[in-house]
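Report on the structure
Single-letter residue listing:
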Amino acid sequence: MNEKLTPRERVLTALRHQQPDRTPVDFLATNEIWHGLLKELQIDDEGVEPSAFYEAKKEALLRHFEVDMRLLSYDMFCAPPESKLRPGAKIEWWDVFSRSTPNRMWRQVTPEGDLYGIFGRHWRVVHHAMGAYEENATSPLAPYADSVEHLKQFDWPEPDWWDFSPIPEIMAQLDRHEAYHIRFRIGSVFEIAWQLRGMAEFLMEMAIAPQITTYIMERITDILVENTRRVLEIAGDRLDMVYFYDDVAVNANLMISKQMWEQQIRPCHARLIEVARQYDKPVMYHCDGSIRKLIPELIDMGVDLLNPIQPTATGMDPRELKDEFGERLSFHGGIDIMQTLPSGTPEQVQAEVEDRVCVLGENGGYVMCSSHHIQPDTPIDNVLAMYDLDIRTCKQ
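Throughout what follows, the structure given in this document is the object of discussion. Predicted model, so just to flag it, every value in this text is computed and none were measured.

Okay, the overall build of the chain next. For the chain, the helix and strand inventory stands at 14 helices and twelve strands. For the chain, whose C-alpha radius of gyration is 20 Å, the value lies close to the compact-globule estimate of 21 Å for 396 residues. The principal-axis extents of the C-alpha atoms in the chain amount to approximately 60 × 45 × 45 Å. Residue burial in the chain is summarised as follows: out of 396 residues, 58% are buried. Sequence separation of at least 24 residues holds for 71% of the intrachain contacts in the chain that already meet a minimum separation of 6. When the accessible area of the chain is evaluated, it comes to approximately 16300 Å², of which 48% is carbon and sulfur surface. The averaged location of the 64 negative side-chain charges in the chain is 2 Å from the averaged location of its 40 positive side-chain charges.

Shown next as C-alpha coordinates:
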(Lines give C-alpha, C1' and ligand atoms only; values in the text may rest on other atoms or scores of the structure.)
Protein backbone atom coordinates (compact mmCIF):
# COMPACT_ATOMS: atom_id res chain seq x y z
CA MET A 1 0.00 0.00 0.00
CA ASN A 2 1.60 3.25 -1.19
CA GLU A 3 -1.20 5.71 -0.43
CA LYS A 4 -0.51 7.67 2.74
CA LEU A 5 -3.07 6.90 5.43
CA THR A 6 -4.26 8.95 8.37
CA PRO A 7 -3.00 7.67 11.73
CA ARG A 8 -6.43 6.23 12.46
CA GLU A 9 -6.66 4.48 9.10
CA ARG A 10 -3.11 3.15 9.53
CA VAL A 11 -3.92 1.46 12.84
CA LEU A 12 -7.30 0.15 11.67
CA THR A 13 -5.68 -1.31 8.55
CA ALA A 14 -3.02 -3.07 10.62
CA LEU A 15 -5.64 -4.44 13.04
CA ARG A 16 -7.53 -5.90 10.06
CA HIS A 17 -4.33 -7.84 9.34
CA GLN A 18 -3.69 -5.89 6.18
CA GLN A 19 -0.42 -4.17 5.31
CA PRO A 20 -0.64 -0.40 5.96
CA ASP A 21 1.54 2.21 4.27
CA ARG A 22 3.90 1.87 7.23
CA THR A 23 3.79 0.22 10.64
CA PRO A 24 1.74 2.29 13.12
CA VAL A 25 3.41 3.33 16.37
CA ASP A 26 2.47 4.23 19.92
CA PHE A 27 4.45 5.91 22.70
CA LEU A 28 4.47 5.29 26.47
CA ALA A 29 7.22 6.50 28.82
CA THR A 30 8.02 7.55 32.36
CA ASN A 31 8.00 11.22 33.25
CA GLU A 32 11.80 11.32 33.22
CA ILE A 33 11.86 10.28 29.56
CA TRP A 34 9.13 12.74 28.58
CA HIS A 35 11.03 15.58 30.22
CA GLY A 36 14.34 14.49 28.68
CA LEU A 37 12.86 14.42 25.19
CA LEU A 38 11.16 17.79 25.60
CA LYS A 39 14.46 19.30 26.72
CA GLU A 40 16.48 17.64 23.96
CA LEU A 41 14.10 18.49 21.14
CA GLN A 42 12.93 21.88 22.43
CA ILE A 43 9.39 21.01 21.44
CA ASP A 44 7.09 23.97 20.81
CA ASP A 45 3.41 23.43 21.58
CA GLU A 46 2.28 26.15 19.19
CA GLY A 47 -0.60 24.76 17.17
CA VAL A 48 -1.80 22.41 19.92
CA GLU A 49 -5.17 23.54 21.24
CA PRO A 50 -5.11 24.15 25.01
CA SER A 51 -6.90 21.42 26.95
CA ALA A 52 -7.86 20.81 30.55
CA PHE A 53 -7.30 17.09 29.98
CA TYR A 54 -3.89 16.68 28.35
CA GLU A 55 -0.57 18.50 28.39
CA ALA A 56 0.02 20.46 25.19
CA LYS A 57 3.80 20.01 25.02
CA LYS A 58 3.54 16.25 25.41
CA GLU A 59 0.85 16.10 22.75
CA ALA A 60 3.20 18.13 20.54
CA LEU A 61 5.92 15.54 21.16
CA LEU A 62 3.61 12.75 19.98
CA ARG A 63 2.94 14.76 16.82
CA HIS A 64 6.68 15.29 16.34
CA PHE A 65 7.21 11.50 16.40
CA GLU A 66 4.11 10.97 14.24
CA VAL A 67 2.56 8.65 16.83
CA ASP A 68 -0.65 7.10 15.52
CA MET A 69 -2.54 6.22 18.71
CA ARG A 70 -4.09 8.26 21.51
CA LEU A 71 -5.35 7.09 24.88
CA LEU A 72 -8.20 8.30 27.07
CA SER A 73 -8.31 6.84 30.57
CA TYR A 74 -10.79 6.40 33.41
CA ASP A 75 -8.56 8.40 35.79
CA MET A 76 -8.84 11.55 33.64
CA PHE A 77 -12.51 11.89 34.55
CA CYS A 78 -12.76 11.27 38.31
CA ALA A 79 -15.29 13.51 40.07
CA PRO A 80 -16.09 12.01 43.49
CA PRO A 81 -18.15 13.93 46.04
CA GLU A 82 -16.09 16.26 48.21
CA SER A 83 -17.25 14.26 51.22
CA LYS A 84 -15.12 11.34 49.96
CA LEU A 85 -11.85 13.28 50.13
CA ARG A 86 -9.39 12.76 52.95
CA PRO A 87 -9.16 15.54 55.57
CA GLY A 88 -7.04 18.35 54.21
CA ALA A 89 -6.41 16.53 50.91
CA LYS A 90 -6.09 18.37 47.60
CA ILE A 91 -6.73 17.05 44.11
CA GLU A 92 -3.62 16.67 41.94
CA TRP A 93 -3.97 16.01 38.21
CA TRP A 94 -0.55 16.78 36.74
CA ASP A 95 2.30 16.22 39.23
CA VAL A 96 1.83 12.44 39.15
CA PHE A 97 4.83 10.14 38.74
CA SER A 98 2.95 7.35 36.96
CA ARG A 99 1.70 9.55 34.10
CA SER A 100 2.94 7.74 30.99
CA THR A 101 0.90 9.81 28.48
CA PRO A 102 0.09 13.51 28.04
CA ASN A 103 -3.13 12.99 29.99
CA ARG A 104 -3.96 14.29 33.41
CA MET A 105 -4.39 11.63 36.13
CA TRP A 106 -6.51 12.00 39.27
CA ARG A 107 -4.94 11.70 42.73
CA GLN A 108 -5.80 13.12 46.11
CA VAL A 109 -2.77 14.19 48.13
CA THR A 110 -2.84 14.58 51.90
CA PRO A 111 -0.85 17.26 53.77
CA GLU A 112 1.61 14.47 54.70
CA GLY A 113 2.20 13.70 51.02
CA ASP A 114 0.29 10.41 50.95
CA LEU A 115 -1.60 9.60 47.74
CA TYR A 116 -5.03 8.02 47.30
CA GLY A 117 -6.65 6.80 44.10
CA ILE A 118 -10.32 6.76 43.19
CA PHE A 119 -10.75 3.15 44.39
CA GLY A 120 -9.08 3.94 47.71
CA ARG A 121 -5.59 2.66 46.98
CA HIS A 122 -3.02 4.28 49.32
CA TRP A 123 0.58 4.80 48.25
CA ARG A 124 3.62 7.05 48.57
CA VAL A 125 6.29 8.31 46.19
CA VAL A 126 9.70 6.66 46.66
CA HIS A 127 12.73 8.31 45.09
CA HIS A 128 15.72 6.48 43.62
CA ALA A 129 18.88 7.37 41.71
CA MET A 130 17.15 7.63 38.32
CA GLY A 131 13.83 9.16 39.39
CA ALA A 132 10.88 7.97 41.46
CA TYR A 133 8.04 5.45 41.60
CA GLU A 134 4.84 4.94 43.55
CA GLU A 135 4.79 2.25 46.25
CA ASN A 136 1.80 0.88 48.17
CA ALA A 137 1.71 2.25 51.72
CA THR A 138 -1.20 0.41 53.42
CA SER A 139 -3.94 -2.07 52.52
CA PRO A 140 -7.30 -0.27 52.82
CA LEU A 141 -9.30 -3.51 52.64
CA ALA A 142 -7.40 -5.21 55.47
CA PRO A 143 -9.95 -4.28 58.18
CA TYR A 144 -12.81 -5.62 56.04
CA ALA A 145 -11.37 -8.85 54.65
CA ASP A 146 -12.57 -11.23 57.37
CA SER A 147 -15.87 -11.86 55.54
CA VAL A 148 -17.80 -10.99 52.42
CA GLU A 149 -20.44 -9.23 54.51
CA HIS A 150 -17.77 -7.03 56.03
CA LEU A 151 -16.30 -6.27 52.58
CA LYS A 152 -19.67 -4.95 51.50
CA GLN A 153 -19.27 -2.18 54.08
CA PHE A 154 -16.13 -0.79 52.43
CA ASP A 155 -16.67 2.60 50.79
CA TRP A 156 -16.61 1.37 47.20
CA PRO A 157 -16.72 4.03 44.50
CA GLU A 158 -19.88 4.45 42.45
CA PRO A 159 -20.06 5.05 38.68
CA ASP A 160 -21.44 8.51 39.44
CA TRP A 161 -17.99 9.36 40.83
CA TRP A 162 -16.86 9.80 37.21
CA ASP A 163 -17.88 12.43 34.68
CA PHE A 164 -17.23 11.18 31.16
CA SER A 165 -19.17 13.95 29.42
CA PRO A 166 -16.00 15.74 28.13
CA ILE A 167 -14.94 12.74 26.00
CA PRO A 168 -16.66 13.75 22.73
CA GLU A 169 -15.09 17.22 22.78
CA ILE A 170 -11.62 15.81 23.59
CA MET A 171 -11.87 13.49 20.59
CA ALA A 172 -13.14 16.33 18.40
CA GLN A 173 -10.27 18.51 19.56
CA LEU A 174 -7.74 15.86 18.54
CA ASP A 175 -9.55 15.36 15.23
CA ARG A 176 -9.21 19.04 14.40
CA HIS A 177 -5.50 18.35 13.94
CA GLU A 178 -5.59 14.81 12.56
CA ALA A 179 -7.64 11.64 12.90
CA TYR A 180 -5.84 9.43 15.43
CA HIS A 181 -6.75 5.96 16.62
CA ILE A 182 -8.33 6.54 20.06
CA ARG A 183 -8.84 3.92 22.75
CA PHE A 184 -10.38 4.10 26.21
CA ARG A 185 -8.57 2.55 29.18
CA ILE A 186 -11.08 0.93 31.53
CA GLY A 187 -8.65 0.12 34.35
CA SER A 188 -7.88 -3.25 35.93
CA VAL A 189 -9.51 -5.87 38.14
CA PHE A 190 -6.84 -8.12 39.66
CA GLU A 191 -4.33 -5.30 40.12
CA ILE A 192 -6.76 -2.92 41.84
CA ALA A 193 -7.91 -5.81 44.00
CA TRP A 194 -4.48 -6.74 45.34
CA GLN A 195 -3.47 -3.09 45.67
CA LEU A 196 -6.42 -2.61 48.03
CA ARG A 197 -5.89 -5.86 49.93
CA GLY A 198 -2.10 -6.25 49.80
CA MET A 199 -0.44 -8.57 47.31
CA ALA A 200 0.76 -11.31 49.67
CA GLU A 201 -2.58 -11.47 51.48
CA PHE A 202 -4.59 -11.43 48.26
CA LEU A 203 -2.58 -14.23 46.64
CA MET A 204 -2.91 -16.39 49.75
CA GLU A 205 -6.65 -15.74 49.94
CA MET A 206 -7.06 -16.72 46.30
CA ALA A 207 -5.99 -20.18 47.47
CA ILE A 208 -7.53 -20.46 50.95
CA ALA A 209 -10.43 -17.99 50.93
CA PRO A 210 -11.53 -17.55 47.31
CA GLN A 211 -14.90 -16.18 48.37
CA ILE A 212 -13.04 -13.07 49.61
CA THR A 213 -10.98 -12.48 46.48
CA THR A 214 -13.88 -13.34 44.18
CA TYR A 215 -16.13 -10.79 45.86
CA ILE A 216 -13.47 -8.06 45.67
CA MET A 217 -12.84 -8.64 41.97
CA GLU A 218 -16.52 -8.95 41.11
CA ARG A 219 -17.29 -5.73 42.97
CA ILE A 220 -14.57 -3.89 41.03
CA THR A 221 -15.81 -5.42 37.78
CA ASP A 222 -19.34 -4.19 38.45
CA ILE A 223 -18.01 -0.63 38.55
CA LEU A 224 -15.79 -1.00 35.48
CA VAL A 225 -18.54 -2.56 33.39
CA GLU A 226 -20.95 0.28 34.11
CA ASN A 227 -18.23 2.90 33.55
CA THR A 228 -17.38 1.33 30.21
CA ARG A 229 -21.03 1.19 29.16
CA ARG A 230 -21.42 4.89 29.94
CA VAL A 231 -18.26 5.79 28.01
CA LEU A 232 -19.34 3.81 24.97
CA GLU A 233 -22.76 5.43 25.02
CA ILE A 234 -21.18 8.90 25.14
CA ALA A 235 -18.31 8.29 22.72
CA GLY A 236 -20.27 6.59 19.95
CA ASP A 237 -18.58 5.46 16.74
CA ARG A 238 -15.58 7.78 17.08
CA LEU A 239 -14.00 5.70 19.84
CA ASP A 240 -11.95 2.95 18.23
CA MET A 241 -11.09 0.49 20.98
CA VAL A 242 -11.57 -0.52 24.61
CA TYR A 243 -8.44 -1.32 26.64
CA PHE A 244 -7.89 -2.94 30.04
CA TYR A 245 -4.84 -4.20 31.89
CA ASP A 246 -4.03 -6.85 34.50
CA ASP A 247 -0.57 -8.28 35.09
CA VAL A 248 -1.05 -11.98 35.85
CA ALA A 249 2.40 -13.14 34.71
CA VAL A 250 6.05 -12.72 35.63
CA ASN A 251 9.12 -13.11 33.45
CA ALA A 252 9.25 -16.92 33.49
CA ASN A 253 5.63 -18.03 34.01
CA LEU A 254 2.18 -17.06 35.16
CA MET A 255 1.94 -15.38 38.56
CA ILE A 256 -0.82 -17.78 39.58
CA SER A 257 -1.96 -21.16 38.28
CA LYS A 258 -3.92 -21.26 35.04
CA GLN A 259 -6.76 -22.97 36.91
CA MET A 260 -6.90 -20.12 39.43
CA TRP A 261 -6.94 -17.59 36.58
CA GLU A 262 -9.77 -19.49 34.86
CA GLN A 263 -11.88 -19.70 38.01
CA GLN A 264 -11.42 -16.24 39.51
CA ILE A 265 -10.03 -13.75 36.96
CA ARG A 266 -11.26 -14.90 33.57
CA PRO A 267 -14.98 -14.40 34.42
CA CYS A 268 -14.30 -10.76 35.32
CA HIS A 269 -12.28 -10.13 32.18
CA ALA A 270 -14.97 -11.82 30.11
CA ARG A 271 -17.52 -9.32 31.42
CA LEU A 272 -15.33 -6.38 30.39
CA ILE A 273 -14.88 -7.82 26.91
CA GLU A 274 -18.59 -8.54 26.60
CA VAL A 275 -19.62 -4.94 27.21
CA ALA A 276 -17.15 -3.81 24.53
CA ARG A 277 -18.56 -6.38 22.11
CA GLN A 278 -22.08 -5.14 22.76
CA TYR A 279 -20.94 -1.86 21.18
CA ASP A 280 -18.87 -3.54 18.43
CA LYS A 281 -15.58 -2.31 19.86
CA PRO A 282 -12.35 -4.30 19.56
CA VAL A 283 -10.44 -5.01 22.75
CA MET A 284 -6.82 -4.44 23.75
CA TYR A 285 -5.38 -6.25 26.78
CA HIS A 286 -2.13 -5.57 28.65
CA CYS A 287 -0.25 -8.19 30.63
CA ASP A 288 3.47 -8.11 31.30
CA GLY A 289 5.67 -11.16 31.27
CA SER A 290 5.15 -14.73 30.13
CA ILE A 291 1.49 -14.70 29.11
CA ARG A 292 1.77 -17.27 26.30
CA LYS A 293 -0.13 -20.02 28.15
CA LEU A 294 -3.23 -17.81 28.21
CA ILE A 295 -3.10 -16.47 24.65
CA PRO A 296 -5.43 -19.12 23.11
CA GLU A 297 -8.05 -18.38 25.78
CA LEU A 298 -7.62 -14.61 25.41
CA ILE A 299 -8.30 -14.97 21.69
CA ASP A 300 -11.36 -17.12 22.39
CA MET A 301 -12.61 -14.48 24.85
CA GLY A 302 -12.37 -11.76 22.21
CA VAL A 303 -9.03 -10.00 22.76
CA ASP A 304 -7.88 -8.42 19.49
CA LEU A 305 -4.65 -6.63 20.44
CA LEU A 306 -2.11 -7.88 23.01
CA ASN A 307 0.39 -5.63 24.77
CA PRO A 308 3.28 -5.32 25.63
CA ILE A 309 5.05 -8.41 24.15
CA GLN A 310 8.14 -8.61 26.36
CA PRO A 311 10.61 -10.47 24.11
CA THR A 312 12.89 -11.59 26.96
CA ALA A 313 10.05 -13.33 28.84
CA THR A 314 9.67 -17.09 28.53
CA GLY A 315 7.61 -18.09 25.49
CA MET A 316 7.31 -14.56 24.13
CA ASP A 317 9.60 -14.82 21.11
CA PRO A 318 8.09 -12.51 18.47
CA ARG A 319 8.60 -14.91 15.55
CA GLU A 320 6.95 -17.78 17.39
CA LEU A 321 4.02 -15.59 18.50
CA LYS A 322 3.44 -14.32 14.97
CA ASP A 323 3.59 -17.81 13.46
CA GLU A 324 1.26 -19.36 16.03
CA PHE A 325 -1.24 -16.58 16.69
CA GLY A 326 -0.69 -13.88 14.07
CA GLU A 327 -3.74 -14.68 11.97
CA ARG A 328 -6.07 -14.25 14.97
CA LEU A 329 -4.30 -11.69 17.16
CA SER A 330 -2.49 -8.38 16.73
CA PHE A 331 0.50 -7.27 18.78
CA HIS A 332 1.43 -3.96 20.43
CA GLY A 333 4.89 -3.34 21.89
CA GLY A 334 7.84 -5.67 21.46
CA ILE A 335 10.81 -3.26 21.74
CA ASP A 336 12.76 -4.48 24.75
CA ILE A 337 12.98 -2.06 27.69
CA MET A 338 15.16 -4.37 29.82
CA GLN A 339 18.25 -4.71 27.63
CA THR A 340 18.05 -3.15 24.17
CA LEU A 341 16.65 0.30 25.01
CA PRO A 342 18.66 0.99 28.20
CA SER A 343 21.92 -0.75 27.24
CA GLY A 344 22.01 -1.03 23.45
CA THR A 345 23.41 1.41 20.94
CA PRO A 346 21.10 3.47 18.70
CA GLU A 347 22.05 1.09 15.86
CA GLN A 348 21.01 -1.93 17.93
CA VAL A 349 17.73 -0.26 18.83
CA GLN A 350 16.98 0.40 15.18
CA ALA A 351 17.91 -3.16 14.25
CA GLU A 352 15.39 -4.45 16.78
CA VAL A 353 12.69 -2.10 15.52
CA GLU A 354 13.36 -3.21 11.95
CA ASP A 355 13.12 -6.86 13.00
CA ARG A 356 9.79 -6.33 14.79
CA VAL A 357 8.37 -4.37 11.85
CA CYS A 358 9.26 -7.21 9.47
CA VAL A 359 8.26 -10.08 11.77
CA LEU A 360 5.31 -8.90 13.85
CA GLY A 361 4.24 -6.43 11.17
CA GLU A 362 4.12 -8.93 8.30
CA ASN A 363 0.67 -8.58 6.70
CA GLY A 364 -0.27 -6.05 9.36
CA GLY A 365 -1.24 -6.97 12.90
CA TYR A 366 1.39 -4.89 14.69
CA VAL A 367 1.74 -1.53 16.47
CA MET A 368 5.37 -0.71 17.26
CA CYS A 369 5.97 0.42 20.84
CA SER A 370 8.19 -0.33 23.81
CA SER A 371 7.60 -3.50 25.82
CA HIS A 372 6.45 -1.30 28.71
CA HIS A 373 6.88 2.37 29.57
CA ILE A 374 10.32 3.50 28.42
CA GLN A 375 12.29 3.66 31.67
CA PRO A 376 14.41 6.50 33.13
CA ASP A 377 17.71 4.68 32.48
CA THR A 378 17.16 4.77 28.70
CA PRO A 379 19.47 7.12 26.76
CA ILE A 380 17.53 9.79 24.90
CA ASP A 381 19.46 8.97 21.71
CA ASN A 382 18.01 5.45 21.84
CA VAL A 383 14.46 6.80 22.04
CA LEU A 384 15.14 9.07 19.08
CA ALA A 385 16.55 6.12 17.15
CA MET A 386 13.47 4.04 17.93
CA TYR A 387 11.09 6.62 16.49
CA ASP A 388 12.97 7.28 13.24
CA LEU A 389 10.33 7.40 10.49
CA ASP A 390 12.61 5.62 8.01
CA ILE A 391 12.47 2.28 9.87
CA ARG A 392 8.68 1.89 10.00
CA THR A 393 8.52 -0.16 6.80
CA CYS A 394 10.09 -3.57 6.22
CA LYS A 395 12.93 -3.39 3.70
CA GLN A 396 13.67 -7.12 3.55
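Here the narrative resumes.
One pass over the structure, following the stated rule, counts 32 salt bridges. Ionic contacts of the salt-bridge type, sharing partners, join the residues Arg8, Asp175, Arg238 and Asp240 into one network.

If you trace the seven strands from one edge of the open sheet to the other, you get 1-7-8-9-10-11-12, paired in parallel fashion. A strand with exactly one partner marks an edge of an open sheet, and here the two such strands are strand 1 (69-73) and strand 12 (366-370). Neighbour-to-neighbour, the strand axes of this sheet turn through a mean angle of 25°, independent of strand direction. Here strand 10 (residues 305-307) pairs with strand 11 (residues 330-335) via two bridges, running parallel. By the bridge assignment for strand 11, Leu306 is matched with Phe331. Helix 5 (residues 167-175) rests against strand 1 and strand 7 (181-187) of the sheet, and its axis sits at about 160° to strand 1.

In contact at an axis separation of 11 Å, helix 2 (residues 31-41) and helix 3 (residues 56-64) are set at 70° when each is read in the N-to-C sense. On the basis of their axis angle, the class for helix 2 and helix 3 is roughly perpendicular. Across from Asn31, Trp34, His35, Leu37, Leu38 and Leu41 in helix 2, the residues of helix 3 making contact are Lys57, Lys58, Leu61, Leu62 and His64. Per-class residue counts for the contact of helix 2 with helix 3 are six nonpolar, three polar and two charged.

A few words now on the packing of aromatic side chains. Evaluated as defined, the whole model comprises 13 aromatic pairs. When the centroid spacing of 5.4 Å and the interplanar angle of 75° are considered together, the rings of Tyr144 and Phe154 count as edge-to-face. Highlighted residues: Tyr144 in the loop between strand 6 (131-138) and helix 4 (148-151) and Phe154 in the loop between helix 4 and helix 5, separated in sequence by ten residues. Relative accessible area serves as the criterion here: at 24%, Tyr144 is assigned to the partly exposed category. In this structure Phe154 comes out as buried when scored by relative accessible area, which is 12%. Aromatic rings pair up to connect Phe27, Trp34, Phe65 and Tyr387 into one cluster. Above the plane of the ring of Tyr180 lies Arg70, whose end atom (NZ or CZ) is 3.7 Å from the centre.

All right, on to helix 11 (residues 318-325) then. Within helix 11, the full set of buried residues consists of Pro318, Leu321, Lys322 and Phe325. The arc enclosing the buried residues of helix 11, seen along the axis, measures out at 100°, which places them on a common side. The inward-facing, buried residues of helix 11 abut helix 10 (295-301), strand 11 and helix 13 (346-359). For helix 11, the N-terminal capping position is held by Asp317, with its side-chain oxygen 3.2 Å away from the main-chain nitrogen of Arg319.

Over the atoms a probe the size of a water molecule is rolled, and this reveals where empty space is left. One pass over the full model with this rule turns up two cavities of 30 Å³ or more. Considering only enclosed or pocket space, the largest cavity measures out at about 150 Å³ in volume. Lining the largest cavity are 16 residues, and of these Leu62, Arg70, Leu71, Thr101 and Pro102 lie nearest its centre. Taken together, the elements giving at least two residues each to the lining of the largest cavity come down to helix 3 and strand 1. If you add up the space inside the second largest cavity, you get close to 50 Å³. What lines the second largest cavity is Ser73, Asp75, Arg99, Ser100, Thr101, Asn103, Arg104, Met105 and Arg185. Its residues assigned to classes, the lining of the second largest cavity shows one nonpolar, four polar and four charged.

Take unusual backbone geometry next. Residue Asn307 is joined to Pro308 through a cis peptide bond whose omega torsion reads 10°. In this structure, His17 takes a positive phi of about 60° despite not being glycine. Structurally, the position occupied by His17 is in the loop between helix 1 (7-15) and helix 2. Despite not being glycine, Glu66 shows a phi value in the positive range, around 55°. Among the secondary structure elements, Glu66 is positioned in the loop between helix 3 and strand 1. On the basis of relative accessible area, Glu66 is assigned to the partly exposed category, the value being 29%.

With their axes 9 Å apart at the nearest point, helix 6 (residues 190-197) and helix 8 (residues 210-235) run at an angle of 125° to one another. For the element pair helix 6 / helix 8, the angle class is oblique. In the packing of helix 6 onto helix 8, the handedness of the crossing is right-handed. Contacts between helix 6 and helix 8 involve Phe190, Ile192 and Ala193 from the first element and Ile216, Met217 and Ile220 from the second. Its residues assigned to classes, the contact of helix 6 with helix 8 shows six nonpolar, no polar and no charged.

About the cut-offs
- Residues numbered from 1 in each chain as written.
- Predicted model: local features only at pLDDT ≥ 70, side-chain atom pairs only at ≥ 80, totals over all residues.
- Heavy atoms only, no water.
- Helix = DSSP H or I, 4+ residues; strand = E, 2+ residues; numbered from the N terminus.
- Rg over C-alpha atoms; globule rule 2.2 N^0.38 Å.
- Buried < 20%, exposed > 50% of the residue type's maximum accessible area, 1.4 Å probe, protein only.
- Contact = heavy atoms within 4.5 Å.
- Areas by Shrake-Rupley, 256 points an atom, 1.4 Å probe, with all protein chains shown as cover.
- Lys, Arg positive; Asp, Glu negative; His and termini not counted.
- Charge placed at Lys NZ, Arg CZ, Asp CG, Glu CD.
- Salt bridge = Lys/Arg side-chain N within 4 Å of Asp/Glu carboxyl O.
- Pairing = 2+ DSSP bridges.
- Axes fitted to C-alpha atoms, helices over the stretch in contact; angles between N-to-C directions.
- Parallel < 35°, antiparallel > 145°, perpendicular 65-115°, else oblique.
- Nonpolar A, V, L, I, M, F, W, Y, C, P; charged D, E, K, R; others polar.
- Phe/Tyr/Trp six-rings, centres within 6.5 Å; stacked < 30°, edge-to-face > 60°.
- Lys NZ or Arg CZ within 6 Å of the ring centre and 35° of its normal.
- Arc of directions from axis to C-beta.
- Polar contact = N/O pair within 3.5 Å; in protein donor to acceptor, adjacent residues only side chain to side chain.
- 1 Å grid on protein atoms, 1.4 Å probe; cavity = no way out; pocket = protein on both sides within 12 Å on 5 of 7 lines; lining within 4 Å.
- Points joined across faces, edges and corners; volume = space filled by probe spheres on them.
- Left-handed = near helix turned anticlockwise from the far one by under 90°.

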